[in-house]
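Analysis of the macromolecular model
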Amino acid sequence: KKGDFDHFMKKEIHEQPGSLTTSMRGRLKDGIVGLGGLKDHMRTIRRSRRIIFIGCGTSFHAALAARPIMEELTDIPVTMEIASDMLDRKALIFKEDTAVFVSQSGETADTLLALEYALENGALCLGVTNTVGSTLARKTHCGVHINAGCEIGVASTKAYTCQIVVMVMIALAIGSDKLSTLAKREDIIAGLTKLPEQVHDVLELDGEMKSLAESLIDEQSLLMFGRGNNYATALEGALKVKEVALMHSEGMLAGEMKHGPLALVDEYLPIIVIATRDDTFRLCNVRDNNSHLFYCFFFLVSSCIIFLFIYSKQQSVIQQLHARKGRLIVMCSKGDASLVCPDGRSRVIEVPQVVDCLQPIINIIPLQLLAYHLTVLRGYNVDQPRNLAKSVTTQ
Ligand code: F6R
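Residues numbered from 1 in each chain as written. Predicted model: local features only at pLDDT ≥ 70, side-chain atom pairs only at ≥ 80, totals over all residues. Heavy atoms only, no water.

In the nomenclature of an unreviewed UniProt entry, the protein chain corresponds to glutamine--fructose-6-phosphate transaminase (isomerizing) from the organism Rhynchospora tenuis. Under the UniProt heading Catalytic activity (unreviewed entry), the entry covering the protein chain gives this text: "D-fructose 6-phosphate + L-glutamine = D-glucosamine 6-phosphate + L-glutamate". (UniProt positions renumbered as here; feature names shortened; annotations may be inferred.)

This is how it looks when you write it as structure tokens:
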């Protein structure tokens, strides 16, 4: 059942072009997103005062990766809740809220208890799961299956990327009535159709990630810095390394670096910095009517500002780390190696640049491969890490 692969985790990482295609199958037609499971509730979702993403572990990270585009396309504030923390705090939740529960198994105890709590409080509950007929699928008012296929490795890989794609499609569906984001939505839909092929290209980095893993095999710790769309990538990359390679790893918000973590930086501690470009400065198609031209111009100017803001900020993080002789591994967009590391001292991982909200799907793949190779090289059980279970059904 593992085919040509030594482990399920490796097989599942390499299955991602296919699983993403299956996730999208029948849901994108002629530039329109159709999600049958949400159709009857779309009016209520659009009118909600707030969207709350709720999940645990990797599923929480997938929701975090989808949060910026959900806010951008829907104009509804999006907040994040880790299921156990939501229960500990008895967080406020109202009947005007749409609560989105994300869980690949659909059986995680904390997530199900948070669901009971949200139902009691009258929120509209939407499920995003990989398991047809799971408790989550049955108890939510509506939902979308991610159709990632069966995942055997305890460390989630293909379910993570399919969860993001599904949540991007949900954002597209909710925001489909807004003219102001039409160009962006068209861009994303074009990006989604090309995505499986680009994921296939990133998988070519396998050998490079193995060689990077060889250089890190004896390390005690590995930090990962990300921001914006890729804060979730840093958290998820670090979780993968932690859970399978049994190495301390922490994902951090790059903007927080100078508020403490900078003290850790020296020439020994390896740090992965995710510094891919956000594709927000795309040249719009010139349309044949003036209002479209205005929108294009406005979009171009505002996008350039956002791009310069985020991208140059990540550049400055790299400079500060260099200034402290940090041992950097920089993930950047193809062709940017000399820009992010002018002196050629750091290791660089180049990945294709895609539309900003899909970049986390591309960027996590080298980190999944890195975690896999580190584990095998360190001699640990990659498919069944110690102390962990695929589905956490106890509190
Ligand atoms: C890590 C991983 C876990 C799960 C978490 C929630 O690779 O898989 O962090 O994401 O236990 O599980 P689900 O998604 O089934 O609710």
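Re the overall build of the protein chain
Helix and strand content of the protein chain: 14 helices and 12 strands. The C-alpha atoms of the protein chain give a radius of gyration of 21 Å, which matches the 21 Å a tight globule of 395 residues would have. C-alpha atoms of the protein chain, sized along the principal axes, occupy 55 × 55 × 45 Å. When burial is assessed residue by residue, the protein chain has 56% of its 395 residues classed as buried. Of the contacts made within the protein chain by residues no fewer than 6 positions apart, 75% connect residues no fewer than 24 positions apart. Carbon and sulfur atoms make up 53% of the accessible area of the protein chain, which totals about 17100 Å². With 42 positive and 44 negative side-chain charges, the protein chain shows a separation of 3 Å between the mean positions of the two kinds. (Helix = DSSP H or I, 4+ residues; strand = E, 2+ residues; numbered from the N terminus. Rg over C-alpha atoms; globule rule 2.2 N^0.38 Å. Buried < 20%, exposed > 50% of the residue type's maximum accessible area, 1.4 Å probe, protein only. Contact = heavy atoms within 4.5 Å. Areas by Shrake-Rupley, 256 points an atom, 1.4 Å probe, with all protein chains shown as cover. Lys, Arg positive; Asp, Glu negative; His and termini not counted. Charge placed at Lys NZ, Arg CZ, Asp CG, Glu CD.)

Considering the sheet that holds strand S10 (residues 270-275)
Strand order in the open sheet made by the 5 strands is S9-S8-S10-S11-S12, with parallel pairing throughout. Both outer strands of the open sheet, strand S9 (248-253) and strand S12 (347-351), are each paired with one neighbouring strand and no more. Pairs of neighbouring strands in the sheet enclose a mean axial angle of 20°, with direction left out of account. Pairing analysis gives 5 bridges linking strand S11 (residues 327-333) to S12, with the strands arranged parallel. Across the sheet, the residue bridging to Cys 332 is Glu 350, located in S12. (Pairing = 2+ DSSP bridges. Axes fitted to C-alpha atoms, helices over the stretch in contact; angles between N-to-C directions.)

Considering the site of the ligand
Neighbouring residues of the ligand: 14 residues in total, closest Ser 59, Ser 103, Ser 105, Thr 108 and Glu 243. Within the backbone of Thr 58, one N or O atom sits 3.1 Å away from an oxygen atom of the ligand. Gln 104 has a polar backbone atom sitting 2.8 Å from an oxygen atom of the ligand. Elements with a minimum of two residues in the shell around the ligand: helix H4 (57-74) and helix H11 (231-245). The element that contributes the greatest number of residues to the shell around the ligand is H4, accounting for 3 residues. Split by residue class, the shell around the ligand holds 4 nonpolar, 8 polar and 2 charged. (Near = heavy atom within 4 Å. Polar contact = N/O pair within 3.5 Å; in protein donor to acceptor, adjacent residues only side chain to side chain. Nonpolar A, V, L, I, M, F, W, Y, C, P; charged D, E, K, R; others polar.)

Looking at the pattern of salt bridges
A full pass over the atoms with the stated rule returns 17 salt bridges. For Arg 46, the salt bridge goes to Asp 177, with nearest N and O atoms at 3.8 Å. Taken together, the residues span a long stretch of sequence, with Arg 46 in helix H3 (residues 42-47) and Asp 177 in the loop between helix H8 (158-174) and helix H9 (182-202) at a distance of 131 residues. Here Arg 46 falls in the partly exposed class, since its relative accessible area comes to 31%. For Asp 177, a relative accessible area of 48% translates into the label partly exposed. Lys 184 is paired through a salt bridge with Asp 356; the nearest N and O atoms lie 2.9 Å apart. Of this pair, Lys 184 sits in helix H9 while Asp 356 sits in the loop between S12 and helix H14 (359-378), and the two are 172 residues apart along the sequence. Under the relative-accessibility criterion, Lys 184 is labelled buried at 5%. (Salt bridge = Lys/Arg side-chain N within 4 Å of Asp/Glu carboxyl O.)

A few points about the packing of helix H10 (residues 206-216) against H14
Interhelical geometry of H10 versus H14 gives an angle of 50° and a closest axis separation of 8 Å. Of the possible angle classes, the one that applies to H10 and H14 is oblique. Handedness of the H10/H14 crossing: right-handed. Here Asp 206, Met 209, Lys 210, Leu 212, Ala 213, Glu 214 and Leu 216 of H10 lie close against H14, whose contacting residues are Pro 366, Leu 369, Leu 370, His 373, Leu 374 and Leu 377. (Parallel < 35°, antiparallel > 145°, perpendicular 65-115°, else oblique. Left-handed = near helix turned anticlockwise from the far one by under 90°.)

What about the sheet that holds strand S6 (residues 124-129)?
The strand order across the open sheet formed by 5 strands is S4-S3-S5-S6-S7, and the pairing between neighbours is parallel. The open sheet is flanked by strand S4 (78-82) and strand S7 (142-145), the only strands paired with a single partner. On average, adjacent strands in this sheet sit at an angle of 20° to one another, irrespective of strand direction. Its contacts with the sheet put helix H6 (residues 109-120) on strand S3 (50-55), strand S5 (97-103) and S6, and the angle it makes with S5 is roughly 165°. Here H8 sits on the sheet and contacts S3, S5, S6 and S7; the angle it forms with S6, its principal contact strand, is near 140°.

What about the side chain of Asn 130?
Structurally, Asn 130 can be placed in the loop between S6 and helix H7 (135-139). In this structure Asn 130 comes out as buried when scored by relative accessible area, which is 16%. At 3.1 Å, the side chain of Asn 130 and the backbone oxygen of Gly 149 are in polar contact. Contacts of Asn 130, omitting those with residues within four sequence positions, involve Ser 103, Gln 104, Ile 146, Asn 147, Ala 148 and Gly 149.

Focus on unusual backbone geometry
Of note in the backbone geometry, Lys 90 takes a positive phi value of approximately 50° without being a glycine. Inspection of the secondary structure assignment puts Lys 90 in the loop between helix H5 (83-89) and S5. By relative accessible area, Lys 90 is classed as exposed at 59%. Even without being glycine, Asn 147 reaches a positive phi, approximately 55°. With respect to the helices and strands, Asn 147 occurs in the loop between S7 and H8. Among the residues examined, Asn 147 registers a relative accessible area of 33% and is labelled partly exposed.

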